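Working through the structure, step by step
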Amino acid sequence: MNLRIAIQKSGRLSQDSLQLLNDCGISVKSGGAKLRTKADNFPLEVYFLRDDDIPQYVQDGVADIGIVGENVLYEKEKKVTVVQPLGFGRCRLSLAVPKQQAYQSAASLQGLRIATSYPVLLQRFLASKGVTAEIHEISGSVEIAPGIGLADAVCDLVSSGSTLFMNGLQEVETILESQAVLVRQNDLDEEKERMLGRLLFRIASVQAAARNKYILLNAPNEALDRIFSLLPGMKSPTVLPLADPGWSSVHSVVPESEFWEKIEALRDAGAQGILVVPIEKMIV
Ligand code: PRT
Ligand code: ZN
């Protein structure tokens, strides 16, 4: 029996979704014309779908799990459970108005025509602010709607902001911060639960590896106590004597987020010959 995963066929999430499976040691060839394929070395069947259809397929149990953006997931309001945020496909769902248009607060949207592909999320936001507006649902190129007189404002996905800028729009409210997430259907049999557990373990190891770096450094023995106090490590640092007596080599793991501060502090503490190595997998 195979665990069935739905991923986007072709679009912004496709590459990263396949890459994640590959990083988990699961080799899947990209879809091409195929609707589904089987992984070579893990009991996984991959369905390639439009992202909009993924929540429904998972809810209905046609697929067991899926990778989809939170923006699509919350817009579709399907009964599936988020099991793991994946850290890619980051964007935000924002409201924007023409640059020259005055905007103070959500109340400024009262009575406006707003173009969006996200009517559910937009309506929920407007209701939470006590604002009534006319929602025009359109499926693509939302950003051109004000320029052609179809709407007074837009509610669309933004990442760099350059699409809004090029269309003379200013971002005025963010209504959702989004990233790709792994979702699951609620009823899986015992065997599939076990397979999902194995997959989640691998994803956690890949994510931990990406968040950390392995460092090696040399230090005079009298500096070691100070250096140890700077290193979180997995348990404690590994210390090996160097051929030069009075010197040691120290190996440890440092989180990416505090990486440069740590390196500076280690140098100040007397560390030399610091090497930094990416971690392939980190078993947590
Ligand atoms: O064919 P299918 O339906 O599967 O694909 P799609 O065309 O609906 O989706 P796709 O591939 O464009 O996006 C898939 C998912 O990627 C989205 O649902 C989001 O979760 C995520 N994502 C991340 C984005 C963006 N960033 C993004 N910038 N989706 C769309 N955009 C668009 C946005 O709509 C706007 O047109 O990019 C433009 C804005 O980008 P900036 O950089 O100019 O601000
Ligand atoms: Zn789509």
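Whatever comes next refers back to the structure up there.
All of the points below concern the structure found in this document. (Residues numbered from 1 in each chain as written. Chains lettered and ligands numbered in written order. Predicted model: local features only at pLDDT ≥ 70, side-chain atom pairs only at ≥ 80, totals over all residues. Heavy atoms only, no water.)

Remarks on the overall build of the chain
Rules: Runs of H or I in DSSP of at least four residues are treated as helices and runs of E of at least two as strands, each being numbered from the N terminus. Radius of gyration: over C-alpha atoms. The globule rule applied is 2.2 Å multiplied by the number of residues raised to the 0.38 power. Contact definition: two residues touch when any of their heavy atoms are within 4.5 Å. Under the convention used here, a 1.4 Å probe and the Shrake-Rupley method define accessible areas, while residue burial counts only the protein chains that appear. Charge assignment: positive for Lys and Arg, negative for Asp and Glu; neither His nor the chain ends contribute. The atoms used to mark charge sites are NZ of Lys, CZ of Arg, CG of Asp and CD of Glu.
When helices and strands are tallied, the chain shows 8 helices and 15 strands. Relative to the 2.2 N^0.38 estimate, which gives 19 Å for 284 residues, the radius of gyration of the chain is 25 Å and therefore markedly larger than a compact globule would have. The dimensions of the chain, computed from C-alpha atoms along their principal axes, are 80 × 55 × 30 Å. Considering only intrachain contacts with a sequence separation of at least 6, the fraction spanning at least 24 residues in the chain is 69%. Per element, the accessible surface of the chain, about 14800 Å² overall, is 50% carbon and sulfur. Computed over 29 positive and 34 negative side-chain charges, the inter-centroid distance for the chain is 4 Å.

Focus: the coordination of the zinc ion (ligand 2)
Let me state the cut-off plainly: Ligating atoms shown are N, O and S within 2.8 Å of the metal, or 3.2 Å for Na, K and Ca, and water is not included, meaning a site may look less than complete. Labels for metal geometry use angle windows, namely 85 to 135 degrees for all angles of a four-donor tetrahedral site, and for square planar (four donors) or octahedral (six donors) sites opposite donors over 155 degrees apart plus all others within 65 to 115; sites meeting none of these are irregular. Exposed residues in this analysis have more than 50% of their type's maximum accessible area, buried residues have under 20%, and partly exposed residues fall in between, with area computed by a 1.4 Å probe over protein chains only.
Around the zinc ion (ligand 2), the protein contributes the donor atoms Asp51 (OD) and Asp52 (OD), at 2.0 to 2.1 Å from the metal centre. One can describe the donor arrangement at the zinc ion (ligand 2) as irregular, given that its 4 donor atoms subtend angles of 75 to 172 degrees at the metal. Given a relative accessible area of 19%, aspartate 51 falls into the buried group. Judged by relative accessible area, which is 27%, aspartate 52 ranks as partly exposed.

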